[in-house]
Amino acid sequence: MTVLPVLANALVLGAMGALYQTYGIGLEVFFVGILPHGILELPALLASFALGLYLCWVLTAKICGQRERSFFQALNQSARFYVLIVLPLLFVAAVIETYVTPALMQICFGA
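Analysis parameters
- Residues numbered from 1 in each chain as written.
- Predicted model: local features only at pLDDT ≥ 70, side-chain atom pairs only at ≥ 80, totals over all residues.
- Heavy atoms only, no water.
- Axes fitted to C-alpha atoms, helices over the stretch in contact; angles between N-to-C directions.
- Helix = DSSP H or I, 4+ residues; strand = E, 2+ residues; numbered from the N terminus.
- Parallel < 35°, antiparallel > 145°, perpendicular 65-115°, else oblique.
- Phe/Tyr/Trp six-rings, centres within 6.5 Å; stacked < 30°, edge-to-face > 60°.
- Buried < 20%, exposed > 50% of the residue type's maximum accessible area, 1.4 Å probe, protein only.
- pLDDT = per-residue confidence, 0-100.
- Bend = angle between axes of the 7 residues up to and from the residue.
- Disulfide = S-S within 2.5 Å.

Q: Looking at this model, I keep getting lost on the packing of helix H2 (residues 27-63) against helix H3 (residues 71-109). Mind explaining?
A: Helix-helix packing: each pair is described by the crossing angle between the helix axes and the interaxial distance. Contact geometry for H2 and H3: axes closest at 8 Å, N-to-C directions at 175°. Put simply, H2 runs roughly antiparallel to H3.

Q: Any chance you could explain the packing of aromatic side chains here in plain terms?
A: Aromatic rings in a pair are described by how distant their centres are and how their planes are angled relative to each other. On inspection of all chains with the given rule, the structure shows two aromatic pairs. When the ring of tyrosine 54 is compared with that of tryptophan 57, the centres are 6.2 Å apart and the planes differ by 35°; the resulting orientation is tilted. Residue tyrosine 54 and its partner tryptophan 57 are located together in helix H2, separated by three residues, close to a single helical turn. Relative to phenylalanine 72, the ring of phenylalanine 71 lies with its centre 5.9 Å away and its plane at 70°, an arrangement referred to as edge-to-face.

Q: Is there a simple way to explain the environment of valine 58 in this structure?
A: Tracing the backbone through its elements, the reader meets valine 58 in helix H2. Looking at valine 58, the relative accessible area reads 1%, which means it is buried. Once the C-alpha coordinates of valine 58 and leucine 27 are considered, the two residues, 31 residues apart in sequence, prove to be 42 Å apart.

Q: Looking at this model, I keep getting lost on the confidence of the model for the protein. Mind explaining?
A: Where the model shows low pLDDT, its predicted coordinates should not be examined in detail. A residue-level look at the protein finds 94% of positions with pLDDT of 70 or above and a mean pLDDT of 87. Looking across the protein, the model is least confident in helix H1 (residues 3-22), with a mean pLDDT of 76, and most confident in H3, with 94.

Q: When you look at H2 in this model, what are you seeing that I'm missing?
A: Residue pairs three or four apart in sequence face the same way in an α-helix, which turns once every 3.6 residues. In the structure, H2 departs most strongly from a straight axis at glycine 38, where the bend amounts to approximately 55°. Downstream of H2 by one or two residues, glycine 65 has phi in the positive range, about 75°.

Q: Explain the state of the cysteines to me, please; I cannot follow it from the model alone.
A: Here a disulfide denotes one covalent bond, and it connects the sulfur atoms of two cysteines. Under the criterion given, the structure shown has zero disulfides. Residue cysteine 56 stays outside any disulfide, its sulfur separated by 10 Å from that of cysteine 64, the closest cysteine. Judged by its relative accessible area of 47%, cysteine 56 is partly exposed.

So, in structure tokens, the structure goes:
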């Protein structure tokens, strides 16, 4: 389930890159459009993926009787990490994508 956002993001990036190339728009426009927010968005996506794997590992170990740790304790820690780290990264990336990226595109390319 946590793989879906990563795959969707990769699909959209690939499609946009191909579209830019098809219409003869340089890749520099593409990179100026994705890099400012992507620097924060990609670590957030990877952290979300890692949290899903961690929870799967804890639950599997609990089911197999290899760990005494509570799954709900791991879930609580993961939720705290998500709220304190991942969501702020995504929020800042969204603000950059909304306000900074259009300004950069205007400055760099007059678009």
